[in-house]
Amino acid sequence: MVAPHDVQARAARHLAGLSAGRQQSFALRLDRWWEDLYTALAATHSQPDAVALRLVESAAAAYAARSEDLHRLDEQRLLTPDWLQQPRMFGYAAYTERFAEDLAGITDRLDYLEDLGVTYLHLMPLLQPRPGDNDGGYAVADYRTVRPDLGTTDDLRELTATLREKGISLVIDLVLNHVAREHDWAAKARAGDPTYRDYFLIHPDRTLPDAYEATLPEVFPDFAPGNFTWDEETQGWVWTTFNEWQWDLNWANPDVLVEFADIILFLANLGVEVLRLDAIAFIWKRLGTNCQNQPEVHAITQVLRTVARIAAPALVFKAEAIVGPRDLVQYLGLGAHAGRVSDLAYHNSLMVQIWSMLATHNTVLARQALGALPPTPTTGTWITYLRCHDDIGWAIDDGDAAAVGLNGYDHRRFLADWYDGDFPGSWADGLVFQFNPDTGDKRISGTAASLIGLAHPSAAGLARMFLAHAIVVGWGGVPVIWSGDELAQPNDPFWRDEPGHEDDNRWAHRPRLDRDRADQRADLDTVAGKVFQGIAHLARVRARLPQLHASASSEVLPDTDDGVLAVVRRHASGTLVGLYNVTPEARAFPLHRLHELGLDAPYDAIGAHQITAGADGLIWLPAYAAWWVVEA
């Protein structure tokens, strides 16, 4: 291993113009995180010394260029390492142009976000994509340029500063697995530059591609079958997991790693506080596997996260890993990577189980699936959500289904049929996305309102909407609302009309924010006002409940009424029990169970009422009730 003195000396060349105190801060961080950096590099690259020194130089240069207010933010975050886990964190996700036209327009709509209680704002892909079809912005042509129709990098820097003043952290996407075919790296590779050709996975014939394909799934079987594309200019088969114009990167090449470290630090210095690591599960390829969730994925994440901690510790990572339930927790760090990889990960399993409970009026499978998940590291934080920009894939684990007497394949098909409205009695109005008849995979698109039965408003639909969000907001972690759901917007009936959207019905659940509905957000005589105020109320109540600090674990009680989900959160400040009735009729819960959990004077924080039982000792939860029970 390279000597610590040599490491510090390499960094010092970039720090000469800084004050002694600022130089000392960098040196202390480098000492603190050097071992994490080196050990992760040694797990993935044969010459870790050389790569580590390059990364340290990148970190030092970015640190020296960091603005004074961002250095101050770094100090604040280091003094409050659990800032993301605080109950005040409440998220909102949107496409910039569909929420406010451009970056400058976001500033004009901050009152709207503040009314909802937002402290975490995820603006969907806003870096320069390829022209034309670009997978909703996930085919990036330039990581250092903002889409011209949205603004400039200076506009982005100004927006992050304004958001910081309001206590709102900005989240943007960083696509790691691939770049657009039009990216400069790919252009140089097509021109024959051997350095950049090695940035990608290019094969001269089908021998290796066919060997890999034997175990690879297809992400978009309808419009992008297979995982390799012949490129005439390159004269090779290019690995293209998602689309033929999204070229997978060769993360075994240290040059790719260093390039992305520089990009991450550039974005951090613009004031971005959270990077959503898109398609992180796919970045390492191994023959004979599905090329997802390989051990090297976590080592590479540790390298990138460590570089950020040295130069810009206010920046955190969110893993976009929509994987099987058993693989989820790894993205928050287990074993040697505990506390060293992503700070946030999507709780895909919770999302799927909420939809399953609503369709079946039954919690047995959810209790099994959620109870079987391994505990998260205390420093890790879930992103909880009812839906996102993507389709819903029914990630029901076959083992969990079998444990409660269900067939996993049949239950996945039932959920798909229910939510596309093709099952007797369904109130849903979803759209089938990417049906694969060979595997039976049938995913669903739709806004929360359309899927939950509010396309045609009803009291039951409103109750289901509030219940579902109460589970999301009361689980712990950072709850995130997808734009339009807070106003109960239905599917966009005109989604096909925009060029490039014709074959992708996910645009049905990415509507432009309805300004008329937004103006009704305080009017409780409207559906939009009822839903908006209900979600805002959950955010306000959540903010004052320390039991919803993300470091507290959620324990699902295994033996409740089959229509009731009971979730216990134990915190030093006290216990909270979430009681959720997923059925359209009243259900019972024994009062003595709350007493046994330490709640002698139970009180529902959502409804602001004492909880009492009848002579039989039972509490009766009304249809679709959601209670957060704490000690009065």
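Everything below is about the structure shown above.
Residues numbered from 1 in each chain as written. Predicted model: local features only at pLDDT ≥ 70, side-chain atom pairs only at ≥ 80, totals over all residues. Heavy atoms only, no water.

1. Description of the overall build of the protein chain
Secondary structure summary: the protein chain contains 23 helices and 25 strands in total. For the protein chain, the C-alpha radius of gyration of 25 Å lies close to 26 Å, the compact-globule estimate for 632 residues. For the protein chain, the C-alpha atoms occupy an extent of roughly 75 × 55 × 45 Å along the three principal directions. Looking at the 632 residues of the protein chain, the share that counts as buried comes to 60%. With an accessible surface of roughly 22,900 Å², the protein chain has 51% of that area assigned to carbon and sulfur atoms. The averaged location of the 85 negative side-chain charges in the protein chain is 4 Å from the averaged location of its 53 positive side-chain charges. (Helix = DSSP H or I, 4+ residues; strand = E, 2+ residues; numbered from the N terminus. Rg over C-alpha atoms; globule rule 2.2 N^0.38 Å. Buried < 20%, exposed > 50% of the residue type's maximum accessible area, 1.4 Å probe, protein only. Areas by Shrake-Rupley, 256 points an atom, 1.4 Å probe, with all protein chains shown as cover. Lys, Arg positive; Asp, Glu negative; His and termini not counted. Charge placed at Lys NZ, Arg CZ, Asp CG, Glu CD.)

2. With respect to the pattern of salt bridges
One pass over the full model with this rule turns up 47 salt bridges. Of the charged contacts in the structure, one is a salt bridge between Arg181 and Asp231, with a shortest N-O distance of 2.8 Å. Linking Arg181 in the loop between strand 6 (178-180) and helix 9 (184-190) with Asp231 in strand 8 (residues 228-231), this pair joins segments that are 50 residues apart in sequence. Among the residues examined, Asp231 registers a relative accessible area of 8% and is labelled buried. A salt bridge links Arg305 to Asp343, with the shortest nitrogen-to-oxygen separation between them at 2.9 Å. In this pair, Arg305 is assigned in helix 13 (residues 295-311) and Asp343 in the loop between helix 14 (325-328) and strand 13 (344-346), connecting sequence segments 38 residues apart. Considered together, Arg305 and Asp343 belong to a single accessibility category, that of buried residues. (Salt bridge = Lys/Arg side-chain N within 4 Å of Asp/Glu carboxyl O.)

3. Points about helix 4 (residues 68-79)
Think of an α-helix as turning once every 3.6 residues; residues three or four places apart then point the same way. A rise of 1.5 Å per residue sets the reference length of helix 4, with its twelve residues, at 16 Å; its end C-alpha atoms lie 17 Å apart and thus fit the reference within 8%. Buried within helix 4 we find Leu70, His71, Leu73, Asp74 and Arg77. For helix 4, the angular spread of the buried residues around the axis is 155 degrees, confining them to a single face. Contact partners of the buried residues in helix 4: helix 2 (20-42), helix 3 (48-65), helix 8 (153-165), strand 5 (169-175), helix 12 (254-269) and helix 13. (Expected span 1.5 Å × (residues − 1). Arc of directions from axis to C-beta. Contact = heavy atoms within 4.5 Å.)

4. Here we look at the sheet that holds strand 7 (residues 202-203)
Here three strands make up an open sheet; going across it, the order is 7-9-8 and the pairing antiparallel. Looking at strand neighbours, the two that pair on one side only are strand 7 and strand 8, the edges of this open sheet. Across four bridges, the pairing between strand 8 and strand 9 (residues 236-239) is antiparallel. Residue pairing across strands places Phe228 opposite Trp239, the latter belonging to strand 9. (Pairing = 2+ DSSP bridges.)

5. Notes on the packing of aromatic side chains
Following the criterion strictly, the structure yields 29 aromatic pairs and no others. Between the aromatic rings of Trp34 and Tyr38, the centroid separation amounts to 5.7 Å while the plane-to-plane angle is 40 degrees, which identifies the pairing as tilted. One end of the pair is Trp34 and the other is Tyr38, both in helix 2 and four residues apart, which spans about a single turn. Considered together, Trp34 and Tyr38 belong to a single accessibility category, that of buried residues. A centroid spacing of 6.0 Å and a plane angle of 45 degrees characterise the contact between Trp418 and Phe423, whose relative ring orientation is tilted. Three or more aromatic residues joined by ring pairs form one cluster here, namely Trp355, Trp394, Phe414, Trp418, Tyr419, Phe423 and Trp427. The cationic tip of Arg77 hangs over the ring face of Trp83; the distance from NZ or CZ to the ring centre is 3.7 Å. In this arrangement the basic side chain of Arg510 is found over the ring face of Trp507, its NZ or CZ atom lying 4.5 Å from the centre. (Phe/Tyr/Trp six-rings, centres within 6.5 Å; stacked < 30°, edge-to-face > 60°. Lys NZ or Arg CZ within 6 Å of the ring centre and 35° of its normal.)

6. Description of a negative patch on the surface
Negative charge collects at one region of the surface, where Asp133, Asp497, Glu502 and Asp503 lie side by side. Summarising the element assignment, Glu502 is placed in the loop between strand 17 (478-482) and helix 21 (515-519). For Glu502, a relative accessible area of 40% corresponds to the partly exposed category. (Patch = residues over 30% accessible without salt bridge, like charges linked within 9 Å, V, L, I, M, F, W, Y side chains within 5 Å.)

7. So, helix 20 (residues 459-474)
Between the first and last C-alpha of helix 20 there are 22 Å, a value that for 16 residues agrees with the 22 Å anticipated at 1.5 Å per step. One or two steps after helix 20, the chain reaches Gly476, where phi turns positive at roughly 105 degrees.

8. With respect to the sheet that holds strand 23 (residues 609-610)
Strand order in the open sheet formed by six strands is 18-19-20-25-22-23, with antiparallel pairing between adjacent strands. The open sheet terminates on both sides in strands that have one partner only, identified here as strand 18 (554-556) and strand 23. Note that strand 20 (residues 574-581) and strand 25 (residues 626-631) share four bridges and pair antiparallel. Among the inter-strand pairings, Leu579 is bridged to a residue of strand 25, identified as Trp627.

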